Amino acid sequence: MKDRAALYVVKDAEEKGLLQPGGTVVEGTAGNTGIGLAHVCRSKGYQLVIYMPDTQSQGKVDLLRLLGAEVYPVPAVAFENPENYNHQAKRHAQRTDNAVWTNQFDNIANRRAHIETTGPEIWHQTGGKLDAFTCGTGTGGTLAGVTRYLKDVSDGRVKTFLADPPGSVLHSYITSGGQLTERSGSSITEGIGQGRITDNLAQDIDLVDGALHISDEKSIEMVYRCLDEEGLYLGASSCLNVVAAKEVAEKLGPGNTVVTILCDGAYRYADRLFSRKWLSDKNLLRVIPPHLERYIVLE
C-alpha cells in the first residue's frame, strides 16, 4: 500500500518543481512509507532521509538503511511537540538544498494514489459486488481515497468503516460525530492510529459510515489464527484489519462481501510477535490459544 503513496508524493513534488534531479526526499514515517520511498528514490536517483519514532522495529530501520536511506530514530513524542519526528523531518528539508519534505500525513497526493489505484482495483477485482470496506489508518490516505472512490462509483451503496487501535482518537471522533477526541492506552501496532485528523483524512471523513475499536488482544490472536488457519504470515496491522472485516461482516449479516487490506507481513516484526518474553511483557501471552502456542518459537 505504502509504495503507492510514496510514488505519488514524489511525483507531486516533481510536478510542482519542488524536487530537481539529484535532490533529497525527507519524510517522517513509522517505517513502511519510508520503505516505499526508498525504492522510489533509488529508481529516480534521489537521496532519502527518514525520521522515525524510536519505538519502531529494528527490522524496519535495518531495511531502510539497506535500501540506501539515511535514518534518524528519534524519541516518540506527540505531534504537538516540536521534536515530533514529522517536525524534525520538515526542518531537515528546510535546511537542505534541493530537498523536499513529502509530508505524507497532510499531502493529499497520498489520498489521490488510492482514488486512482487502490479503489479501482478493489471495484474491478470484486466485479462491483462488495458491500463494505474497512481498514486502519495512519496518514488517512488509504481509507480516505478508497472511501471516496467506492462511494462515488457505487452511488453511496458501499459502506466504509475505520478500524482503530488503542491510543488513537479516530474511533471516538467518528462515533461521536466529530465532537470527541478521546484517546487512552497504546498499541502494539505500528504506523496506524492517530492523534489528529490529517488533511488526507479530513477530505472524506464525513463519508465514513462508522468505526470499530480493535484491541491488541484481538489483533495478536488473529496473527496466530491467520498463520495457522490460512497460512498467512501477517503483521499486527494487517490482522487488526482482518478482525475489523470479521466484525463488519458479522454486523452486516450473511450474504455481504467485506473487503480489507493485508498491508504488512510478519517478517519485520517476528522478533516481537513470536517471542514469549515480548508477549509476556505486553500481557498478551494469555490470549494465544493453547493449540497455537507452538508458533511462539522465540524466547
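The structure we're discussing is the one just above.
Residues numbered from 1 in each chain as written. Predicted model: local features only at pLDDT ≥ 70, side-chain atom pairs only at ≥ 80, totals over all residues. Heavy atoms only, no water.

### So, the nonpolar core
Phase 1 of the analysis: Counting 33 residues, the largest nonpolar core has Ile220, Tyr224, Leu273, Phe274, Leu279 and Ile288 as the members making the most contacts within it.
Phase 2 of the analysis: Put simply, the parts of the chain that give this core at least two residues each are β6 (159–164), α9 (216–230), α10 (236–252), α11 (270–273) and α12 (276–281).
Phase 3 of the analysis: Element by element, the count of residues in this core is highest for α10, at 7 residues.
Phase 4 of the analysis: Leaving out residues up to four positions away in the same chain, Tyr224 has contacts with Leu273, Phe274, Leu279, Ile288, Leu292, Tyr295 and Ile296.
Phase 5 of the analysis: Core analysis: the second largest hydrophobic core is formed by 22 residues, Leu19, Leu37, Leu64 and Val100 among them. (Core = buried A, V, L, I, M, F, W, Y, C linked by side-chain atoms within 4.5 Å. Buried < 20%, exposed > 50% of the residue type's maximum accessible area, 1.4 Å probe, protein only. Helix = DSSP H or I, 4+ residues; strand = E, 2+ residues; numbered from the N terminus. Contact = heavy atoms within 4.5 Å.)

### A few points about the packing of aromatic side chains
Phase 1 of the analysis: Tallied over the entire structure, the rule returns 3 aromatic pairs.
Phase 2 of the analysis: The interplanar angle of 20 degrees and the centroid separation of 4.9 Å between the aromatic rings of Tyr51 and Tyr72 together place this pair among those described as stacked. With Tyr51 in strand β2 (residues 47–53) and Tyr72 in strand β3 (residues 70–74), this pair connects stretches of sequence that are 21 residues apart.
Phase 3 of the analysis: Accessibility expressed as a relative area gives 5% for Tyr51, which makes it buried.
Phase 4 of the analysis: Its relative accessible area of 31% is what places Tyr72 among the partly exposed residues.
Phase 5 of the analysis: Between Tyr233 and Phe274, the aromatic rings sit 5.8 Å apart at their centres with planes inclined by 15 degrees, giving stacked as the arrangement. Here the residue Tyr233 occupies a position in the loop between α9 and α10, and Phe274 occupies one in the loop between α11 and α12, the gap between them amounting to 41 residues.
Phase 6 of the analysis: Residue Phe274 is classed as buried on the basis of its relative accessible area of 5%.
Phase 7 of the analysis: One aromatic cluster is present, built from ring pairs that chain together Tyr224, Tyr233 and Phe274.
Phase 8 of the analysis: In this arrangement the basic side chain of Lys11 is found over the ring face of Tyr8, its NZ or CZ atom lying 5.0 Å from the centre. (Phe/Tyr/Trp six-rings, centres within 6.5 Å; stacked < 30°, edge-to-face > 60°. Lys NZ or Arg CZ within 6 Å of the ring centre and 35° of its normal.)

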